[in-house]
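In case you want the letters, here they are:
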Amino acid sequence: MISAIILSAGEGKRIGFNKALLDWGGEPLINYQIKSLNNEHISEIIVVIGSESEKVKKTITQSGVKIIENNDYLTGKTTSIKEGVSSITNKDNDVLLIAVDQPRSIDLINDVVNFHVSNPLKDKISMPFSEGHGGHPIIFSNSFVGDLSNISEENFGIREVITKNTNSIIRFKTVDFSSNIDINTPEDHELFNKRFFNI
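Chemist: Can you walk me through the overall build of the protein in this structure?
Modeler: The number of helices and strands found in the protein is 7 helices and 10 strands. On C-alpha atoms alone, the protein measures out to a radius of gyration of 16 Å, which is about the 16 Å that the 2.2 N^0.38 rule sets for 199 residues. Considered along the principal axes of its C-alpha atoms, the protein spans approximately 40 × 35 × 35 Å. Evaluated residue by residue, the protein yields a buried proportion of 54% over its 199 residues. Sequence-distant contacts in the protein: of pairs separated by 6 or more residues, those separated by 24 or more amount to 68%. As presented, the protein carries roughly 9800 Å² of accessible surface, and 49% of it is formed by carbon and sulfur atoms. The average position of the 20 basic charges and that of the 26 acidic charges among the side chains of the protein differ by 1 Å.

This is the structure we're talking about:
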């Protein structure tokens, strides 16, 4: 099974707004992200929050979500990843990582999850791959949990784990444009929101 971790602790300085609370197809982005992870192979969803934590908590409407507060979120995204990994209930689970500002189509998430589960490799790092670029979500086999627990900002976070284990990467080839969405500015939000929902 898989534990899915949504990284949602940042301040959203560049966009001037907490990204978890952005409108996404008529609902808060954080709620869309949680619903998009409804897959039979995902046994739990962990949301790591930090900035405006109480407001984000009140925004989350889905039940059964594990909400973890990262008090050190200002020191970097790696602290949120480690908080999420340490909060996994079943320590044998694989780990899916996705940032709140990287919304993906539900079809893409299901495809990547099913691709990961069906691949016979024991040690694998699964990711969507489009137009020569790796995207998200990224799913790590349980064998990489120790590495994820020891990442640091100084060593470029999960990039170090991926770079050291390139032979374990399996790429799900896709033409889904959402595999590389990253909302950093108000312009990004407006453009991607319209394109995502064909507005």
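Chemist: Would you mind going over the nonpolar core with me for this structure?
Modeler: What tends to happen in soluble globular proteins is that the nonpolar side chains get buried as a cluster. If you look at the biggest cluster of nonpolar residues, it comprises 33 residues, and the most contacted ones within it are Ile6, Val47 and Leu96. Within the residue set of this core, elements represented by two or more residues are strand E1 (2-8), helix H1 (29-36), strand E4 (42-49), strand E6 (94-99), helix H4 (106-118) and helix H7 (186-196). When near neighbours in sequence (up to four residues on either side) are disregarded, Ile6 contacts Ile30, Gln33, Ile34, Leu37, Ile45, Ile46, Val47, Val48, Ile98 and Val100. Counting 22 residues, the second-largest nonpolar core is a separate cluster that includes Ile5, Ile46, Ile68 and Ile125.

Chemist: What am I meant to see in the pairing of strand E5 (residues 66-69) here?
Modeler: Strand direction decides the pairing type here: E4 and E5, joined by 4 bridges, are parallel. Opposite Val48, over in E5, you have Ile68 as the bridge partner. Between the parallel elements E4 and E5, the chain passes through helix H2 (residues 53-59) in a crossover that is right-handed.

The rules behind the values
- Residues numbered from 1 in each chain as written.
- Predicted model: local features only at pLDDT ≥ 70, side-chain atom pairs only at ≥ 80, totals over all residues.
- Heavy atoms only, no water.
- Helix = DSSP H or I, 4+ residues; strand = E, 2+ residues; numbered from the N terminus.
- Rg over C-alpha atoms; globule rule 2.2 N^0.38 Å.
- Buried < 20%, exposed > 50% of the residue type's maximum accessible area, 1.4 Å probe, protein only.
- Contact = heavy atoms within 4.5 Å.
- Areas by Shrake-Rupley, 256 points an atom, 1.4 Å probe, with all protein chains shown as cover.
- Lys, Arg positive; Asp, Glu negative; His and termini not counted.
- Charge placed at Lys NZ, Arg CZ, Asp CG, Glu CD.
- Core = buried A, V, L, I, M, F, W, Y, C linked by side-chain atoms within 4.5 Å.
- Pairing = 2+ DSSP bridges.
- Right-handed = clockwise from strand over helix to strand, strands pointing away.

These results come straight from atomic positions and should not be treated as a statement about function.
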